[in-house]
Amino acid sequence: MSLYDVTHQYCDADAFPAETTNVSSLLRDEFYKICPGQYKYRNGTDVRLGQPRCGDGTNFSFFVSRPPKEAQDKQRDKILIELSGGGACWDATTCKRQSKFLSFPQERLGPLVGSSCSAWTSRGNSMLCAKTVGDTDFSEYNVVLIPYCTQDVHLGDEPNSDYGVKHVGGHNLYQTLKWIFDNFPDPSHIFITGCSAGATPFPVVYEIINSHYMAHGKQVDINGIADSPVFLTPSYFLENGLGHWNVRTVMDLIGFDYDTYKDDEIFFNQVLDYALENSKETDRWGYVTHDSDTVSLLYYGFMNGDSEFGSEYGLRRRNRSGRSEPWNLRRQMTDDLQIQWWMKMNNSLSLAMKDHSNFHSFVMEGTGHCTFSLNVPLQYTGFEGWASMIAQENDTMIYSAKADNTYSSPSAPSHSFTNSDKLTSNASFPQTELLSTSATGEVSNKSSSSLDSAVGSSAMEPPIESANWGAPQHAASGFGSSLVILLAVRFLFHSH
């Protein structure tokens, strides 16, 4: 007899109940909307992480699609998990600004139901499940898309905040993963990706998945790429924001010592290091970021307590020249703030690479942010080759002798460690040819046999935000190149 009851009163009419929907009952190559139920013990108390909802109380569901064709290893499934992004908020002021992101994204994602990945992509909504990256054919993967509507980077356990927002992203995440565990008891490969707020919880998502399958005696390859994660945590945010999400529950779930690090400005770096320490050496992690990211900088300003930074009032006040708001916002950012943000990002990535041979980073030159399904970085020269080696299953990898060369861009100095500063990997990646396009349009070859860090220039005009920002999109010009040189010099002096 079950110790708890499950109800589905908070499920849309077009959603299937997660607890009674088996993946084998779903047609291939068609997206389904799956709604996890509400869990309560028989005495009426809530089950931990068992009340999935959106921030404004609307119903939460995740999306699932079986592959159109079976994987080569027909006995074991492959899974692609993608977490959506969309900002964050932690008090009445920030959540008022983010209010439209607290509802389930029905208008944007609802049309997925009944559609195939290839059909959705053909309508201009490019998805990773319709792509082949290197030797990894994602059309062979079961796709699980986790929408984002709680503004807590998918980790919260606070259904009753003082300002009326349900920060229960941890509930949505956990119940989605629970459905995966129930329906895929022995997958061969899991690839995790996410954009921005969907990339930030990557270490936690990995740790939950890895610990589950390890506890059940299953050897599963788990790789992933976090696209533009926003994981810097200034002291103002730690004191005034993080506690409103109540991430302690999820941190306790993975065994992370929340109390020790909750006031540490490198809180999420500590989470990253913890998960990497527990990871399998053969599981490869990739982090990709621009060296100038207006969205990340905007939130970095908010998290430092600047209530006008990026606000409507601030944008109106700054928008005197008639140019687009993103350009005016970027112009008003001080060099010190940009340097501070990038120094901390660069330091975090560099330390992770030094301490963990299975952690790798790719830096995109210029200003930009992610969108969905790695669409932005895939337009940068060199990224697909880098990503293909992150994504490959171990049985398809060909390891070479260890080396410590670095990918670099011909148009600007590298942001990463010099060879003498870096630790070499025990198992390096196969030698690949990198075509890098400089800001002047010149193309040159650069070969490397290590994947520890890469710096890529855009091989084409960057999409979405960057396409509208004009000249500042290239880090190799003006402010960007001088910043790179300054950061490289400062880092070398402080690292010895």
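Colleague: Sorry, what's going on with the overall build of the protein here?
Modeller: Secondary structure summary: the protein contains 17 helices and 16 strands in total. Of all 496 residues assigned to the protein, the portion counted as buried reaches 58%. Within the protein, residue pairs in contact and separated by at least 24 positions form 77% of the contacts whose partners lie at least 6 positions apart. Of the roughly 19,800 Å² that the protein leaves accessible, carbon and sulfur atoms contribute 49%.

Colleague: What should I look at first to understand the state of the cysteines in this one?
Modeller: When the sulfur atoms of two cysteines share a covalent bond, that bond is a disulfide. All told, the structure shown has five disulfides when counted by the stated rule. Note that Cys89 is cross-linked by a disulfide to Cys95, the S-S spacing being 2.1 Å. Disulfide Cys89 to Cys95: torsion about the S-S bond roughly 85°, handedness right-handed. Per residue, the accessibility class of Cys89 equals that of Cys95, and both read buried. Between the sulfur of Cys117 and that of Cys129 lies a disulfide, 1.9 Å long from S to S. One quick way to see it: the torsion about the S-S bond of Cys117 and Cys129 is about 95°, and its sign makes the bridge right-handed.

Colleague: Explain a nonpolar patch on the surface here, please?
Modeller: Among the surface-exposed residues, Leu3, Tyr4 and Tyr41 lie close enough to one another that they form a single nonpolar patch of about 300 Å² accessible area. Relative to the helices and strands, Tyr41 is located in strand 4 (residues 38-41). The class of Tyr41 is partly exposed, set by a relative accessible area of 35%.

Colleague: Looking at this model, I keep getting lost on helix 15 (residues 383-391). Mind explaining?
Modeller: For an α-helix, 3.6 residues make a turn, and residues three or four places apart therefore share a direction. With respect to burial, helix 15 is a largely interior element, seven of its nine residues being buried. Taken together, the buried positions of helix 15 are occupied by Phe383, Trp386, Ala387, Ser388, Met389, Ile390 and Ala391.

Colleague: How do you make sense of the pattern of salt bridges when you look at a structure like this?
Modeller: Once their charged atoms are close, side chains differing in charge can pair, the charge on each being opposite to the other. By the definition in use, this model includes 12 salt bridges. Residue Lys78 pairs with Glu140 through a salt bridge whose shortest N-O separation is 3.6 Å. Placement of the pair is Lys78 in strand 6 (residues 78-83) and Glu140 in the loop between strand 8 (136-137) and strand 9 (142-146), with a sequence separation of 62 residues. Grouping residues by exposure puts Lys78 and Glu140 together as buried. Of the charged contacts, one joins Lys178 and Asp182 as a salt bridge, the two residues approaching to 3.6 Å between their closest N and O atoms. Of this pair, Lys178 and Asp182 both sit in helix 4 (residues 169-183), four residues apart, roughly one helical turn. On the basis of relative accessible area, Lys178 is assigned to the partly exposed category, the value being 25%. Owing to a relative accessible area of 53%, Asp182 belongs among the exposed residues under this scheme. The structure contains a network of salt bridges with shared partners spanning Asp12, Asp14 and Lys33.

Colleague: Looking at this structure, how should I read the packing of helix 11 (residues 294-303) against helix 14 (residues 335-355)?
Modeller: Between helix 11 and helix 14, the least distance of the axes is 11 Å, while the angle of their chain directions is 100°. Considered as vectors, helix 11 and helix 14 are oriented roughly perpendicular to each other. Where helix 11 abuts helix 14, its residues Ser296, Leu297 and Tyr300 lie against Leu337, Gln338, Gln340, Trp341 and Lys344. When the residues that make up the contact of helix 11 with helix 14 are grouped by side-chain class, the tally is four nonpolar, three polar and one charged.

Colleague: Just to check I follow, could you spell out the nonpolar core for this structure?
Modeller: By size, the foremost hydrophobic cluster in this structure holds 107 residues, and its most contacted members are Ile180, Ile209, Met251 and Phe267. Phe267 has contacts with Thr233, Leu238, Leu242, Val247, Met251, Phe256, Tyr258, Tyr261 and Lys262, leaving out every residue within four places of it along the chain.

Colleague: Is there a simple way to think about the side chain of Gln338 in this case?
Modeller: With respect to the helices and strands, Gln338 occurs in helix 14. On the accessibility criterion, Gln338 (4% relative accessible area) is buried. Engagement of the side chain of Gln338 in a polar contact is seen with the backbone oxygen of Asp291, the distance being 3.1 Å.

Colleague: Honestly, the packing of aromatic side chains in this entry has me stumped. Any pointers?
Modeller: Each aromatic ring pair is summarised here by two numbers: the centre-to-centre distance and the angle between the ring planes. Throughout the structure, instances matching the rule amount to 25 aromatic pairs. An angle of 80° between the planes, with centres 4.9 Å apart, marks the rings of Phe202 and Trp285 as edge-to-face. Placement of the pair is Phe202 in helix 5 (residues 202-215) and Trp285 in strand 12 (residues 285-292), with a sequence separation of 83 residues. Of the two residues examined, Phe202 and Trp285, each falls in the buried class.

Colleague: Can you walk me through the confidence of the model for the protein in this structure?
Modeller: If pLDDT is low for a region, its predicted coordinates should not be looked at in detail. Residue-level pLDDT values for the protein average 79, and 72% of them are 70 or greater. Residue range residues 397-452 is modelled with pLDDT below 50. Its contacts to residues more than four positions away, or to other chains, number 143 contacts. Ignoring residues within four places in sequence, the model shows residues 458-496, a span with pLDDT below 50, making 70 contacts including any to other chains.

Colleague: Would you mind going over the environment of Phe16 with me for this structure?
Modeller: Among the structural elements, Phe16 can be located in strand 2 (residues 16-17). Spatially, the C-alpha atom of Phe16 lies 6.2 Å from that of Lys33, the residues being 17 residues apart in sequence. Setting aside chain neighbours within four positions, we find Phe16 in contact with Thr21, Tyr32, Lys33, Ile34 and Cys35.

Colleague: Quick question: what am I supposed to make of unusual backbone geometry here?
Modeller: Most peptide bonds take the trans form, and the phi angle of most residues other than glycine is negative. One non-glycine residue, His154, adopts positive backbone phi at about 65°. Secondary-structure assignment places His154 in the loop between strand 9 and helix 4. Exposure remark for His154: the relative accessible area of 2% places this residue in the buried category. Here the phi dihedral of Ser228 falls at roughly 55°; this positive angle occurs in a residue that is not glycine. Mapped onto the elements, Ser228 comes out in the loop between strand 11 (221-227) and helix 6 (235-240). Looking at Ser228, the relative accessible area reads 1%, which means it is buried.

Procedures and definitions
- Residues numbered from 1 in each chain as written.
- Predicted model: local features only at pLDDT ≥ 70, side-chain atom pairs only at ≥ 80, totals over all residues.
- Heavy atoms only, no water.
- Helix = DSSP H or I, 4+ residues; strand = E, 2+ residues; numbered from the N terminus.
- Buried < 20%, exposed > 50% of the residue type's maximum accessible area, 1.4 Å probe, protein only.
- Contact = heavy atoms within 4.5 Å.
- Areas by Shrake-Rupley, 256 points an atom, 1.4 Å probe, with all protein chains shown as cover.
- Disulfide = S-S within 2.5 Å.
- Patch = residues over 30% accessible without salt bridge, like charges linked within 9 Å, V, L, I, M, F, W, Y side chains within 5 Å.
- Salt bridge = Lys/Arg side-chain N within 4 Å of Asp/Glu carboxyl O.
- Axes fitted to C-alpha atoms, helices over the stretch in contact; angles between N-to-C directions.
- Parallel < 35°, antiparallel > 145°, perpendicular 65-115°, else oblique.
- Nonpolar A, V, L, I, M, F, W, Y, C, P; charged D, E, K, R; others polar.
- Core = buried A, V, L, I, M, F, W, Y, C linked by side-chain atoms within 4.5 Å.
- Polar contact = N/O pair within 3.5 Å; in protein donor to acceptor, adjacent residues only side chain to side chain.
- Phe/Tyr/Trp six-rings, centres within 6.5 Å; stacked < 30°, edge-to-face > 60°.
- pLDDT = per-residue confidence, 0-100.

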